[in-house]
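Overview (structure and organization)
What follows is the residue order along each chain.
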2 protein chains.
Amino acid sequence: MSANGSANPSTPSLTVHHLEDSRSIRIIWLLEELEVPYQIKKYQRVEDRMSPEALKKINPKAGSPVITDGDLTLPESGAIVEYIRSKYDTTGKIAPPESGKIDDLYYLHYVEGSLMPLLVDKLIFQMLPEKAPFFVRPILRAASGTVNGKLLDPRLKIHARLIEEHLAKSGDFFAGGDHPTAADFMIIFALEIWGHRHPELLGDKAKAYVKKIHSRPAFKRAVEKAGGHMYA
Amino acid sequence: MSANGSANPSTPSLTVHHLEDSRSIRIIWLLEELEVPYQIKKYQRVEDRMSPEALKKINPKAGSPVITDGDLTLPESGAIVEYIRSKYDTTGKIAPPESGKIDDLYYLHYVEGSLMPLLVDKLIFQMLPEKAPFFVRPILRAASGTVNGKLLDPRLKIHARLIEEHLAKSGDFFAGGDHPTAADFMIIFALEIWGHRHPELLGDKAKAYVKKIHSRPAFKRAVEKAGGHMYA
């Protein structure tokens, strides 16, 4: 199941527990870039796009991704990226350039600490009106920062502007340089769902960035091994 | 403004931009444990507990904490903790024991990646009913996982149980050992607001943990220098 299949002919101990169309695509992409041996265990979403019981047996918090590696079970994207980088990237293949170390560190934490909660909240608030009785919908729309389907919330706009400004300086990757780093493995899923749900709020540079990442051979292999990815 | 005031007699370049009663108490506590020179710039919340314009000039995303250090401006708790640890903890004073490295890494990311969004969403959903017209309240209460003020959401209960199980093994600190590490600097604020808003959902070991942290001289100095802390 590894990218090159050569490092370990037996079953690799490193396993990505992959919930379809979830954050775990990050980890599969990361491992494809590193070309280290791993296996994927796939999980289908159940009603209301929730995690199935089988995944909760691995991670009681029901989140995705979670990896197992020998005796270790580790959830949380950021922790997994740092763990894999530290243990498996022995040649510095995904290390940030010296000039991009702080950007790499910042975006590693920013994505799940600030951006994803903003995007997920927006999603929750926008789903409520569809399920609520008609007479509540205007109130819920107001609460979600939308009026007549138009988004008013300025927070995503500020984040969009700052991402555009950053990419104008950093170039192809969030930490600069010529290869993806932790920052990229974290942010891709956030920009994918953002572009999918609110393309009108995502800047041109961010959209071009997502396209470039999707065109990488390692990302294409990741999607294939994941059995598809609704945002790619 | 440093804890011992001796390392640098001139104004230290490291500045914590502290929004009252916010996540930035983490960073002040961290710096008090490390006893490195720093200064605090304080910001008062404005209407609806929002960040003031002055803080947005430092961090356009309006989040707290944010630090400045020479030319560097760095938001995001997790990134700040990693940056300060790497640059200022030259003697490994807050380094996790070898056996606790994975726990330290996990909780460093878990707090902002999973726990805080859960607590903040709970807060938002619970605030909505108070502001919404009476006929919408039952619907919003259902959406927030509460019925007649009683919380139904099982997610926080699962997190509470796992934290109790972890503290039963790890002891005084989240990464084990005899001193706080990144995991503790991150989780204290989450457990404080949890205990403040939903004490019935927080376990006894977590409550005892918060009390123990609050009794540390460095935490007491942090609260004093912050000009108070509503959760301590």
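No experiment lies behind these values; they were computed from the predicted model shown.

What to know about the confidence of the model for chain A
Residue and element names in this part refer to chain A.
- Taken residue by residue, chain A gives an average pLDDT of 87. The fraction at 70 or more is 82%.
- Within the model, pLDDT remains below 50 along residues 1–7, and this stretch shows 15 contacts once partners closer than five positions in the same chain are excluded.
- Throughout residues 146–152 the model reports pLDDT below 50, and contacts reaching past four residues in sequence, or to other chains, amount to 15 contacts.
- The complex prediction reports pTM at 0.88, with the ipTM value standing at 0.88.

A short note on the pairing of strand 2 (residues 39–43) of chain B
Residues and elements named next belong to chain B.
- Two elements, strand 1 (residues 14–19) and strand 2, share 5 bridges in a ladder whose sense is parallel. Residue leucine 19 lies in a different strand from strand 2, and its bridge partner there is tyrosine 43.
- You can see the chain leave strand 1, run along helix 1 (residues 25–34) and come back into strand 2, and the turn it takes is right-handed.

Quick word on the packing of helix 7 (residues 182–197) of chain B against helix 8 (residues 204–214) of chain B
Residues and elements named next belong to chain B.
- At a minimum axis separation of 10 Å, helix 7 and helix 8 run at an interaxial angle of 115 degrees. The chirality of how helix 7 crosses helix 8 is left-handed. Contact residues: helix 7 offers Asp184, Ile187, Ile188, Leu191 and Glu192, while helix 8 offers Ala206, Tyr209, Val210, Ile213 and His214.
- In terms of residue class, the contact of helix 7 with helix 8 is built from 7 nonpolar, 1 polar and 2 charged.

With respect to the side chain of Glu82(B)
- Here Glu82(B) shows up in helix 3 (residues 77–88).
- Dropping the residues within four chain positions of it, Glu82(B) is found in contact with Glu82(A), Leu105(A), Leu108(A), His109(A), Leu108(B) and His109(B).

With respect to the sheet that holds strand 4 (residues 72–75) of chain A
Residue and element names in this part refer to chain A.
- With respect to topology, 4 strands assemble into an open sheet ordered 2-1-3-4, the strand pairing being mixed. Each of the sheet's edge strands pairs with one partner strand only, and the pair in question is strand 2 (39–43) and strand 4. Looking at each pair of strands side by side, their axes are set apart by 20 degrees on average, direction ignored.
- Docked against the sheet, helix 1 (residues 25–34) engages strand 1 (14–19), strand 2 and strand 3 (66–69), running at close to 145 degrees with respect to strand 1.

Points about helix 8 (residues 204–214) of chain A
Residue and element names in this part refer to chain A.
- Residues of helix 8 that are buried: Ala206, Tyr209, Val210, Ile213 and His214. Seen along its axis, helix 8 keeps its buried residues to an arc of 130 degrees; they face one direction. The outward face of helix 8, more than 90 degrees from its buried face, is lined by the exposed residues Asp204 and Lys211.
- Tucked into the core, helix 8 has its buried residues touching helix 1, helix 6 (154–170), helix 7 (182–197) and helix 9 (217–226).

So, the domain arrangement of chain A
All names here are of chain A.
- For chain A, the assigned domains are domain 1 (14–88) and domain 2 (98–216).
- On the side of domain 2, 18 residues touch domain 1, which itself brings 14 residues to the contact.
- Regarding the contact of domain 1 and domain 2, the summed buried area is about 1300 Å², with carbon and sulfur atoms giving 64% of it.
- Three residues stand out in domain 1 for area buried against domain 2, namely Arg23, Arg26 and Trp29, and they jointly supply 48% of the buried area on that side.
- Seen at the junction of domain 1 and domain 2, the total is 4 salt bridges.
- A salt bridge links aspartate 104 to arginine 85, with the shortest nitrogen-to-oxygen separation between them at 3.1 Å.
- Summed over the shared surface of domain 1 and domain 2, the number is 5 residue pairs in polar contact (both at pLDDT 80 or more).

Calculation rules
Counting of residues starts from 1 at the beginning of each chain's written sequence and follows it residue by residue. Starting at A for chains and at 1 for ligands, labels are handed out in the order in which the entities are written. Only residues with pLDDT of at least 70 get local features here, since the model is predicted, and only at 80 or more are side-chain atom pairs given and counted; chain-wide, interface and lining totals rely on the full set of residues. As a convention, hydrogens and water are excluded, and side-chain values are obtained from all of the structure's heavy atoms. What pLDDT conveys is the predictor's confidence in a given residue, as a value from 0 to 100. The contact definition used throughout considers only heavy atoms, calling two residues in contact when any of these lie within 4.5 Å. Any two strands are treated as partners once DSSP identifies two or more bridges connecting them. Every helix listed is a DSSP run of H or I at least four residues long, and every strand listed is a run of E at least two residues long, numbered separately from the N terminus. By convention a crossover is right-handed if, when the strands point away from the viewer, the path from the first strand over the helix to the second runs clockwise. For every element, the axis is a line fit to its C-alpha atoms; helices are fit only across the contacting stretch, and the angle between N-to-C directions ranges from 0 to 180 degrees. The hand of a helix crossing depends on one turn: near helix anticlockwise from the far one by less than a right angle means left-handed, and clockwise means right-handed. Residue polarity follows a fixed list, in which Ala, Val, Leu, Ile, Met, Phe, Trp, Tyr, Cys and Pro are nonpolar, Asp, Glu, Lys and Arg are charged, and the others, Gly among them, are polar. The buried label goes to any residue with under 20% of its type's maximum accessible area, the exposed label to any with over 50%, and the partly exposed label to all in between, with areas taken from a 1.4 Å probe on protein chains only. By arc we mean the arc of the directions from the helix axis to the C-beta atoms, nothing more. In this entry, domain limits derive from an automatic or database-based domain assignment. Buried area: the accessible area, evaluated with a 1.4 Å probe, that two parts lose upon being put together, summed over both parts. Each salt bridge in this description consists of a side-chain nitrogen of Lys or Arg and a carboxyl oxygen of Asp or Glu lying within 4 Å of one another. The definition of a polar contact used here is a pair of N or O atoms within 3.5 Å, where within protein one atom must be able to donate a hydrogen and the other to accept one, and adjacent residues in sequence count solely through side-chain atom pairs.

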